[in-house]
Amino acid sequence: MACRRPALVVCVLWLFLVVIPASAFGADAASAAPKNEISRAEFFLKKLEDRLARFRGQSFRLGYEDQEALNRIRALKETYPGDPAVEALFRRGRAALMKSKGDFIDITPAMLAYRENEQKLKSIFGRLADEEWTRFAESVLSGPTTIAKPFPAPDREQVSIDGILGRYVILDDFQYPANQFIDIGRGFVFAGSGALGWYFVEISGRSWLGPYEALKRYRRLVNRDFPDGGKWTLLGRISGIELAIPQAEKVKTIAPRWGWVVEPVAIYIPGIAFAVCDETSGTGGVFAGEERMEEIKGPLYTVRSVPADVTPERLVEILATAVKEKNFDLFLDCIAPERKRTPKELSLVRYHWDLHLERFATLYVHVTTDEATVETIKGFDSGDALEDFFLDDAQKEKVREISGTRVERATVVTRAWDERGRQYGSPKPHVLVRRDGGRWHVANFEQPF
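First, a word on what this report is: a plain description of the structure on this page. Here the structure is a predicted model, which is why all the values come from computation and not from measurement. (Residues numbered from 1 in each chain as written. Predicted model: local features only at pLDDT ≥ 70, side-chain atom pairs only at ≥ 80, totals over all residues. Heavy atoms only, no water.)

What to know about the overall build of the protein
The helix and strand inventory of the protein stands at 13 helices and 13 strands. Against the 2.2 N^0.38 benchmark of 22 Å for 449 residues, the protein shows a C-alpha radius of gyration of 36 Å, more extended than a compact globule. If you line up the protein on its principal axes, its C-alpha atoms span 135 × 85 × 45 Å. The 449 residues of the protein split such that 40% are buried. If you take every contact in the protein between residues at least 6 apart in sequence, the share linking residues at least 24 apart comes to 68%. Summed over its atoms, the accessible surface of the protein is roughly 24,700 Å², and 55% of this surface lies on carbon and sulfur atoms. (Helix = DSSP H or I, 4+ residues; strand = E, 2+ residues; numbered from the N terminus. Rg over C-alpha atoms; globule rule 2.2 N^0.38 Å. Buried < 20%, exposed > 50% of the residue type's maximum accessible area, 1.4 Å probe, protein only. Contact = heavy atoms within 4.5 Å. Areas by Shrake-Rupley, 256 points an atom, 1.4 Å probe, with all protein chains shown as cover.)

Dropping the structure here:
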């Protein structure tokens, strides 16, 4: 019996290794996944990949079908780790999951330099504002026609109105537009209370619009971070007394009050801006440092002009740079002439300029461009392959003569990136035009980046 045991062991091993198939023990690491399971997982994966194509680099949350694709691939990967078809699905699924987080780039310090420059400008112009306000207020306060203590306001029943008219007053609690109201056909901003008396600052005339428009230029050209609705300091001249209802709401719930009407002279926001009415300036008002603005800002510009041979891609980059560096003149130079001919059109340009400033301050910090696509939309295109093939030189010249001015249109798609390097939103098309081989100009400047 002892001599037969080795032969028995060999027989048993032979049965396990040769006679009994591996399938009897279930799937092993080298077995292939069923084709129907592969097809089903790929069906859901293609849906996820199609969704990625539609979002064009923008991030999104995975939906039911997206998660179903990844869960099926995960189950296949865990069960059939050695199957090449499963491995290919796994790699596609991993790439799709990463892409669903959004496209991204590395944000360099150079891309954020414009924000540092804005802080430098804010500091410089804020210091100038404080200095000019101090000098201006001292010159007014040193005279005999200033109400040194505005509150409580002079009582009209106890003082001579003629003695109050023309005197200067400084209101430190000037809140615009929070305290704005309309009465007797004019716009006012109230300051004061029933117990302390009232001042009605008139904002319907040029004395208000001059310094206020100067503040808007300051915000547009120097510092977008402007405290709307905060407490400003207003220096004005008393021009009369009115009976009005100092209430901002449309439905009035209080009785009329007597208040001293104040004609604005200057607006001061400590550490930020100072604007004064100046009828000789041509704009009705100026802000502190405005006459030196280009001298101060000029060294910070990275682009100063648009080259005559600028490419469509480069022009869109210059447009974005003009916004980042608050170079409004350069921004205007990028825009097609037919979009900036009238005051109404220029007003629209300034409106969208403000929106661009807001977006670069809060939504994204850098812009990249794709290669432009160019087409001729009017006139003869000497580069058209079909026309070059079929038409002889005489015919081409005739077509050129009857077609008039040649107009080309270029489309440049941009991608915007936030400060973390992630793509913001979807890619945006920018349309440019060129006439008779001249310089390119941006037609749809209002398009966000």
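What about the packing of aromatic side chains?
With the rule as written, the count across this model stands at 27 aromatic pairs. Consider the rings of F55 and F60, whose centres lie 4.6 Å apart with planes at 40°: the pair is tilted. Taking the relative accessible area as the measure of exposure, F55 reaches 25% and is therefore partly exposed. Judged by its relative accessible area of 12%, F60 is buried. Look at F181 and F190: their rings are 6.1 Å apart centre to centre, the planes differ by 45°, and that puts the pair in the tilted class. (Phe/Tyr/Trp six-rings, centres within 6.5 Å; stacked < 30°, edge-to-face > 60°.)

Topic: a nonpolar patch on the surface
A grouping of L386, F389 and F390 is seen on the molecular surface, where their side chains present a nonpolar patch of about 420 Å² in accessible area. Within the secondary structure, L386 sits in helix α12 (residues 385–390). (Patch = residues over 30% accessible without salt bridge, like charges linked within 9 Å, V, L, I, M, F, W, Y side chains within 5 Å. Salt bridge = Lys/Arg side-chain N within 4 Å of Asp/Glu carboxyl O.)

So, the nonpolar core
Membership of the largest hydrophobic core comes to 82 residues, with the highest contact counts inside it found for W208, W232 and F331. Counting residues per element, this core draws most heavily on helix α5 (residues 113–141), at 8 residues. Apart from the residues within four sequence positions on either side, W208 is in contact with F174, Y176, E202, I203, W232, L234, P264 and I267. In terms of nonpolar packing, the next biggest core, distinct from the first, is built from 16 residues, L52, A69, V86 and A96 among them. (Core = buried A, V, L, I, M, F, W, Y, C linked by side-chain atoms within 4.5 Å.)

Topic: the packing of helix α2 (residues 35–55) against helix α4 (residues 84–99)
Relative orientation of the contacting elements α2 and α4 amounts to 25°, with a least axis distance of 10 Å. Overall, the two elements α2 and α4 adopt an arrangement that is roughly parallel. Handedness of the crossing formed by α2 with α4: left-handed. Note on element contacts: α4 touches α2 through A85, V86, L89, R92, G93, A96 and K99, opposite I38, A41, E42, L45, K46, L48, E49 and L52. By residue class, the composition of the contact of α2 with α4 is 9 nonpolar, 1 polar and 5 charged. (Axes fitted to C-alpha atoms, helices over the stretch in contact; angles between N-to-C directions. Parallel < 35°, antiparallel > 145°, perpendicular 65-115°, else oblique. Left-handed = near helix turned anticlockwise from the far one by under 90°. Nonpolar A, V, L, I, M, F, W, Y, C, P; charged D, E, K, R; others polar.)

Focus on the pairing of strand β6 (residues 257–269)
Within β6, 10 of the 13 residues are buried, which leaves the element mostly enclosed by the surrounding structure. Where strand β4 (residues 197–202) lies against β6, 3 bridges are found, and the strand directions are parallel. In the strand pairing of β6, F200 is matched with V261. Relative to β6, strand β5 (residues 231–244) runs antiparallel, the two sharing 11 bridges. When the bridges of β6 are listed, I238 appears paired with V262. Pairing of β6 with strand β7 (residues 273–278), which is carried by 4 bridges, proceeds in the antiparallel orientation. For A266, the partnering residue across the bridge sits in β7 and is V276. (Pairing = 2+ DSSP bridges.)

Description of the side chain of H356
Mapped onto the elements of the fold, H356 is located in helix α11 (residues 343–362). The class of H356 is buried, set by a relative accessible area of 0%. Those residues in contact with H356 that lie beyond four places of it in its chain are V323, F331, F445, E446, Q447, P448 and F449.

Thoughts on the pairing of strand β2 (residues 180–183)
Residues of β2 alternate between two faces, with F181 and D183 buried on one and Q180 and I182 left unburied on the opposite face. Linking two consecutive strands that pair antiparallel, namely β2 and strand β3 (residues 186–193), is a turn of 2 residues; a positive phi of about 45° is found at I184 within it.

Section: the pattern of salt bridges
Under the definition given, this model contains 31 salt bridges. Among the salt bridges present, the one from K216 reaches E213, with a minimum N-O distance of 3.4 Å. Note that K216 and E213 are positioned in helix α7 (residues 206–221) at a spacing of 3 residues, about one turn of the helix. On the basis of relative accessibility, which here comes to 31%, the residue K216 falls in the partly exposed class. Taking the relative accessible area as the measure of exposure, E213 reaches 30% and is therefore partly exposed.

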